[in-house]
Amino acid sequence: MTLFVILAIPLLMAAVSAAFSRNRYLPGAVTLIGAVAVLGVAVRPAMQVAAGMRVVGIANWVALDGFGALVLLVVAIVGATAAVFSLGYMGKHDGTVRWGRSYYLHFNLFLFALLLVPMASEPILAWVAIELTALFSVLLVAFENTHAALEAAWKYITMMFMGAAIALLGFLILFWAFELGGGGAFSWDVLHAMAPHLSPVLMKSAFLLIVVGLGVKVGFVPLHTWLPDAHSQAPSPVCAVLSGVKTTTALAVILRLVPLLPAHLVQSWLLVIGLISVGTAAFLLLQVHDYKRMFAFSTVEHMGIIFVAAGIGTAGGNFGVVFQILTHSLTKSFCFLAAGAVLLAVDTREIAAVRGLIRTSPVAGAALMLGGLAITGAPPLAVFLSEFSIFRAGLNAGHYVVMGLLALFLTIAFIGILLHVNRMVFGQPPDDSHIPKVALPTSSVLALGLAAVPVLVLGVYLPEPIHQLMLAAATALAR
Amino acid sequence: MTGSSAMVWLDYLAALVGGLFLLATFGMVVTRQVQGCLRYFILQSVLLCASALLLGLRLHSWHVFAVGVIDLINKPFIVPWLLRRTVREEIFSRREVTQVLNIPTSLLIASLLVLIAYGLARPLLHVADGSYISINLPIGLAGLFVGAYTASVRREAVPLFLGLLAMENAALFAGFAIAPKLPMLVELAVIFDVLIVVFVFGILTRAVHEHIGTTEVGTLTLLKEESKP
């Protein structure tokens, strides 16, 4: 029942936003109320799952296991902070843009689809939900209605739909393997239970098709080409959701397949795909010109890290996967909100054009600095701990070369991001004329403050319920 | 006519439909008119539904039959109608002047893709039991590749999009044979999903046309790592 309440809230708010789209304040307000309510309602089932229970909506269709609960909680948190940030961000765009009135309608629908993905225990329902996340976010990417935004949206939808068709065939082959393996109610649990009886050749084909198809949505190199475009052109609160959780939801579905395949095979695939993504993104990070693209490439990097962690294959590795998903989503959404604050303050996306931000807008400057440090894994912030747990698991499992390369790439990414961020925040402006201070909207500052809390806290203190939830999630990923 | 000879006829028909399905996919590769591309897509969709209907009869599976009927209304009628409503009419009368690769080369590549698809499907067919899987799976895989190829060489928005829809048709073409017991709710969700896709594509194409003044989306290259907007 709770699960349906969670799904119904954004749908209701979407309807209200559509009905009162001419009202200046109402759609934003109800979206905020809805997103916060979703978070409030989602905490209870997540805690129940952490305590070892299962929350079932419709058996074998909509249910929450440990991993689903963690992803659901992350989606709800990011959705709520993005809704707060939207208020101030949209205040600037009111009525001037083509889709200005429908922003909140699409935002709510997008949130609905994102919340559905972790709950879907029927694999093809998960495919439908992932497809909906893409469709409902296209017009959000195109929102600014500039040449660049439309081009990004076009690339985005083309790649998304191409990936969807490939993944669909993969899921159908998965169903075929499932029928041959005994059949019954098609769900992740039943698949998991019959894993040894699934035809290996069918599972391999299904897995490869799904990795390619959903990998487009996750942004693995070389399927990532749309990602920096879409994640840089969309309005910042949408970027926070896209980069923070949309990529993660698609990745989560791939990760559910991993225990269904022979271990030795799938682990080497995961390690290779992951390392390629991390390495490529690290070098691309050195030469970006646009600070939103920079964070987008960092998403490609982190998706790769999670894949490497999944390739370790031990319980420690799975814990690293779950931890990294949690910290990356929360930190990356904070980074994009910080980037949005910078954009509000300086009105340019060029890294080279932004210097001395700490004087122009101390809040945006400090947030960007914190975001840069947090996402690159500087201690004692949350990502540092999750990356550390992955290294520990990898070294314990004897993957010395992989972990060495991972450490190298992470160092390169660290240097790349912090070099850019440092210049933007503390650099000397070209002409030393007096630059006026820019005040950010109150809601944006509030959103930054709220989003910063988990980034700062999770590095030094992991609340016990969250720890329990992570353990439950890691167990759900185990063979 | 006895029951078994009717079954044999159904199998012949299914093989024929499969061949025509692949031909229609090739038609989308070679045609230059936007209008012609749409006609081939409609033909391909009708053949997809025909295959579902035959399969429904053969397996006595009423729900595959029902999905075939629903899709027969959806793909050949509602999808083109929705596309025409959302995209401007003038785009449909267009001929593509520039192509990334010329048509003979495209045909050659598409044929190679079909060969590759048959090669890739072979190990899977060892697991298969029914004759329908051995017809539909390689053709579906080939259609997926050829559709992806069409989508990647087209520059004009509508043919590119039709190439993507052809990919989905191909996935379903294989899907009806390999997963006939799929819950009907899921298939309906997939069909419903296509309508949203068409709607969103239509709106976006229209916006690109109005704002940038072209629907040659293949020539949009503003967003690159080197260039500075």
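Look a little higher up for the structure.
Residues numbered from 1 in each chain as written. Chains lettered and ligands numbered in written order. Predicted model: local features only at pLDDT ≥ 70, side-chain atom pairs only at ≥ 80, totals over all residues. Heavy atoms only, no water.

**Remarks on the packing of aromatic side chains**
Under the counting rule described, the total for this entry stands at 19 aromatic pairs over all chains. Aromatic pair F21 of chain B and F173 of chain B: ring centres 4.1 Å apart, planes at 15°, arrangement stacked. One end of the pair, F21 of chain B, is in helix α1 (residues 3–30); the other, F173 of chain B, is in helix α6 (residues 157–178), and 152 residues separate them in sequence. The same class applies to F21 of chain B as to F173 of chain B, namely buried. Counting every residue linked through ring pairs, the aromatic cluster contains Y103, Y104, F107 and F143 of chain A. (Phe/Tyr/Trp six-rings, centres within 6.5 Å; stacked < 30°, edge-to-face > 60°. Helix = DSSP H or I, 4+ residues; strand = E, 2+ residues; numbered from the N terminus. Buried < 20%, exposed > 50% of the residue type's maximum accessible area, 1.4 Å probe, protein only.)

**Side note on the nonpolar core**
Residue and element names in this part refer to chain A. Ranked by internal contacts, the top residues of the largest apolar core, which has 289 residues, are F171, L255 and L406. No other element matches the 24 residues that helix α6 (residues 147–180) contributes to this core. What F171 contacts, discounting residues up to four positions off in sequence, is P123, I124, W127, W188, I210, L214 and V253. (Core = buried A, V, L, I, M, F, W, Y, C linked by side-chain atoms within 4.5 Å. Contact = heavy atoms within 4.5 Å.)

**What about the pairing of strand β1 (residues 55–58) of chain A?**
All names here are of chain A. Note: β1 against strand β2 (residues 62–64), 3 bridges, orientation antiparallel. Bridging from a neighbouring strand, V55 pairs with L64 of β2. Remark: 3 residues form the turn of the hairpin made by β1 and β2, two consecutive strands paired antiparallel; N60 in that turn has positive phi of roughly 65°. (Pairing = 2+ DSSP bridges.)

**Describing the pattern of salt bridges**
Counted by the stated rule, this structure contains 9 salt bridges over all chains. Close ionic contact of R206 of chain B with E210 of chain B constitutes a salt bridge, the shortest N to O distance being 3.7 Å. Of the two residues, R206 of chain B and E210 of chain B both sit in helix α7 (residues 184–212), 4 residues apart, roughly one turn of that helix. R206 of chain B sits in the partly exposed class, given a relative accessible area of 29%. A single network of salt bridges, built from pairs that share partners, joins K155, D229 and R293 of chain A. (Salt bridge = Lys/Arg side-chain N within 4 Å of Asp/Glu carboxyl O.)

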